[in-house]
Amino acid sequence: MKGTKEDDGDYQFNLFLDQPYKRLLNEQNNKQANGMLVIEIIPKDQNSNLVQIPKNGARIEAYGAWVTDNPHGWNELHPAWKVRII
């Protein structure tokens, strides 16, 4: 998991999913995001007590709006309003 700060201020990273959650992915996640779910944390939530910014390799739970990103076509959580390192 490598996080990046996007031009709009969102913090974005890709999340490898456990088998039961792979149904959240689509073909574009497999092609463009190496089979991972894209997670975006908007600026106003980046300092929230509910959102922890994970480090590479961390095991997490993430909650947010599950949407398809129109420009890329992949599925993502955007915004992720709760991220918890477990």
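This section reports on the structure supplied with the text. Given the structure is predicted, the values throughout are model-derived calculations rather than measurements.

## Brief notes about the overall build of the protein
Okay, so step 1: From N to C terminus, the protein includes one helix and five strands.
Okay, so step 2: Tracing the protein from N to C terminus, the helices and strands come up as β-β-α-β-β-β.
Okay, so step 3: Over its C-alpha trace the protein gives a radius of gyration of 12 Å, about what one expects of a compact globule, namely 12 Å for 86 residues.
Okay, so step 4: When the 86 residues of the protein are sorted by exposure, 37% land in the buried category.
Okay, so step 5: Counting contacts in the protein only where the partners sit at least 6 residues apart, residues at least 24 apart contribute 59% of the total.

## Let's talk about the environment of R59
Okay, so step 1: Within the secondary structure, R59 sits in the loop between strand 3 (37-41) and strand 4 (60-68).
Okay, so step 2: Assessed through its relative accessible area of 49%, R59 is described here as partly exposed.
Okay, so step 3: For the pair formed by R59 and T4, sequence separation is 55 residues and the distance between their alpha carbons is 18 Å.
Okay, so step 4: Beyond its immediate sequence surroundings of up to four residues, R59 is in contact with D18, R84, I85 and I86.
Okay, so step 5: Here the side chain of R59 touches D18 through a polar contact of 2.8 Å, side chain to side chain.

## Quick word on the packing of aromatic side chains
Okay, so step 1: Taken as a whole and assessed by the stated rule, the structure comprises one aromatic pair.
Okay, so step 2: Seen in terms of ring centroids, Y11 and F13 are 6.0 Å apart; in terms of plane orientation they differ by 50°. Their pairing is tilted. Residue Y11 shares its accessibility class with F13, and that shared class is buried.

## A word on the pairing of strand 2 (residues 11-15)
Okay, so step 1: Of all five residues in strand 2, four are buried, a share of seventy percent or more.
Okay, so step 2: In sequence, strand 1 (residues 4-5) turns back onto strand 2 through a hairpin of five residues, with G9 there showing a positive phi of about 95°.
Okay, so step 3: The pairing of strand 2 with strand 3 spans five bridges and is antiparallel. Each residue of the ladder has a partner; that of L15, found in strand 3, is L37.

Parameters and conventions
Residues numbered from 1 in each chain as written. Predicted model: local features only at pLDDT ≥ 70, side-chain atom pairs only at ≥ 80, totals over all residues. Heavy atoms only, no water. Helix = DSSP H or I, 4+ residues; strand = E, 2+ residues; numbered from the N terminus. Rg over C-alpha atoms; globule rule 2.2 N^0.38 Å. Buried < 20%, exposed > 50% of the residue type's maximum accessible area, 1.4 Å probe, protein only. Contact = heavy atoms within 4.5 Å. Polar contact = N/O pair within 3.5 Å; in protein donor to acceptor, adjacent residues only side chain to side chain. Phe/Tyr/Trp six-rings, centres within 6.5 Å; stacked < 30°, edge-to-face > 60°. Pairing = 2+ DSSP bridges.

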